[in-house]
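Now for the letters of each chain:
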Amino acid sequence: MTSRHWVLVNRPRGALKRTDLERTSRPLLLPGDDEVLVRVLYLAMDPAIRGFMNATGNYAAPVAIGDPVRGMVLGQVVRSRSTTLSEGQVVWGFGSWSDYVSGPATQFHPVSLDADFDLPAYAHVLGTIGLTAYYGLIDIAALAPGDTVLVSAAAGAVGSLVGQIAKIKGASRVVGIAGGAAKCALAVERYGYDSCIDYKAVEDLSGAIGHALPNGIDVHFESVGGAILEAAIDHLSKNARVAICGLISRYNAAHAEGGPSNLWNLVVKTAQIRGFLVSDILGRSDRTVAMLEVIACWIKQGKLNYDVDVREGFDTIPDVYNCLFKGTHTGRLIVKIADPESPGGG
């Protein structure tokens, strides 16, 4: 048996090109002791993957030339030599752009399937994206009732959830930033933002933020960086908290951009800025299970909307991935490459 892989053959300069990758087939690696073989059903398209392709990596080691591109997957265990994961079980975890992934059972997290949700939900709101939004806003940014909140990429996978969770938890005003009138309308009409700033249409982003939040920002949730982060820092309130889960503006940059020039405002406002990784809590199963149970409850109560943009086909992966940086997708972008087999399907 063989497995298809998209492997890295060149370090991308700027946007990922198809010539930076090669589609290969390799013999299937069967699991060893305490390992499992997972058939990949859905591949998550995450901006951070672009950083893994650089020679320096980012928060994970770089993908070696000739190795499959790495990313989050939702799959089904088809062979198990583990006492913790059974064959047929649906799992999510860190895998690769491949048909099959073989690795330690600890690399994957079991999915408690609920008839109210289809499988793509577990690659989004009931997986790492939901955890990123919840953990970043509640634990890292310490959202409190009455806080004012600013969220970049407000119509994106994480941002669309952050704005809604902020409202659920009692924020007094939640403002988003997105690119284009359609995305801003989506942020307000579907994701519950009080208002949304179209950064592509305003000449003075800092001024627009000041107008939308005249009393300042208590919590800023950041995933873009660059000029957006700098403009947000201009308007921090006393003891504000900034949570950073990504810096998408840097991932395709040919040259490193300069940092915000107004960091002194953190001192003036005695504000905190903190980056975080959702992987920090993935080993705490009790905590992650509790978070996901709360999120599922909000969805069932009609308090939390989510959107999954599912594309299909293994050969489409490189082109679909670049949709992340063109803004030609809605919500969480994933690629379906297989259907589950019974048992464990959905």
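The preceding data block contains the structure.
The structure presented is a predicted model; accordingly, all values stated were derived computationally and were not measured.

Ranked by size, the top nonpolar core spans 58 residues in total, and within it Val125, Leu126 and Ile295 carry the most contacts. A per-element tally of this core places helix 2 (residues 128-140) first, with seven residues. Apart from residues lying up to four places away in sequence, Leu126 is in contact with Trp92, Phe117, Ala121, Leu292, Ile295, Ala296 and Ile299. Counting 32 residues, the second largest nonpolar core, distinct from the first, contains Ala48, Phe314, Val320 and Leu324.

Burial analysis of strand 1 (residues 2-8) places five of its seven residues in the buried class, which makes it a mostly covered element. Note that strand 1 and strand 2 (residues 21-27) share seven bridges and pair antiparallel. When the sheet's bridge partners are listed, His5 is paired in strand 2 with Thr24.

Taken as a whole and assessed by the stated rule, the structure comprises seven aromatic pairs. Ring geometry for Phe221 against Phe276: centres 6.1 Å apart, planes inclined by 75°, an arrangement best described as edge-to-face. Placement of Phe221 in strand 11 (residues 217-222) and of Phe276 in the loop between strand 13 (272-275) and helix 9 (285-300) is noted, with a sequence separation of 55 residues between them. A single burial state applies to Phe221 and to Phe276, both of which are buried. Clustering of aromatic rings is evident, with ring pairs tying together Trp97, Tyr321 and Phe325. The ring of Phe52 carries the charged tip of Arg70 above its face, separated from the ring centre by 5.5 Å.

A word on helix 5 (residues 205-212). The element helix 5 is extensively covered by neighbouring structure, given that six of its eight residues are classed as buried. Within the sequence span of helix 5, burial applies to Leu205, Ser206, Ala208, Ile209, Gly210 and Ala212. Buried positions along helix 5 lie against strand 8 (148-151), strand 9 (173-178), strand 10 (195-198), strand 11 and helix 6 (226-233). Two or three places before Ser206, at the start of helix 5, stands the capping residue Asp204, its side-chain oxygen 3.4 Å from that residue's backbone nitrogen.

Assignment of secondary structure puts Ser237 in strand 12 (residues 236-244). Among residues more than four places away in sequence, those in contact with Ser237 are Asn215, Gly216, Ile217, Asp218 and Lys269.

All chains considered together, the criterion is met by zero disulfides. The closest cysteine sulfur to the non-disulfide-bonded Cys196 is located on Cys184, 3.1 Å from its own sulfur. Its relative accessible area of 17% is what places Cys196 among the buried residues. Its sulfur unpaired, Cys245 is 16 Å from the next cysteine sulfur, which belongs to Cys196. A relative accessible area of 24% places Cys245 in the partly exposed class.

Attention now goes to the packing of helix 2 against helix 9. To describe two helices that pack against each other, one gives the angle between their axes and the distance between the axes. Running from N to C, helix 2 and helix 9 point in directions that differ by 100°, and their axes come no closer than 10 Å. Between helix 2 and helix 9, the angle falls in the class roughly perpendicular. Of helix 9, the residues touching helix 2 (which contributes Gly130, Leu131, Tyr134, Tyr135 and Asp139) are Arg287, Thr288, Met291, Leu292, Val294, Ile295 and Trp298. Looking at side-chain class alone, the contact of helix 2 with helix 9 contains eight nonpolar, two polar and two charged residues.

This part covers the environment of Gly57. Relative to the assigned elements, Gly57 resides in the loop between helix 1 (48-52) and strand 4 (70-80). Not counting the four nearest positions on each side in its chain, Gly57 is found in contact with Gly51, Phe52 and Pro62.

Parameters and conventions
Residues numbered from 1 in each chain as written. Predicted model: local features only at pLDDT ≥ 70, side-chain atom pairs only at ≥ 80, totals over all residues. Heavy atoms only, no water. Core = buried A, V, L, I, M, F, W, Y, C linked by side-chain atoms within 4.5 Å. Buried < 20%, exposed > 50% of the residue type's maximum accessible area, 1.4 Å probe, protein only. Helix = DSSP H or I, 4+ residues; strand = E, 2+ residues; numbered from the N terminus. Contact = heavy atoms within 4.5 Å. Pairing = 2+ DSSP bridges. Phe/Tyr/Trp six-rings, centres within 6.5 Å; stacked < 30°, edge-to-face > 60°. Lys NZ or Arg CZ within 6 Å of the ring centre and 35° of its normal. Polar contact = N/O pair within 3.5 Å; in protein donor to acceptor, adjacent residues only side chain to side chain. Disulfide = S-S within 2.5 Å. Axes fitted to C-alpha atoms, helices over the stretch in contact; angles between N-to-C directions. Parallel < 35°, antiparallel > 145°, perpendicular 65-115°, else oblique. Nonpolar A, V, L, I, M, F, W, Y, C, P; charged D, E, K, R; others polar.

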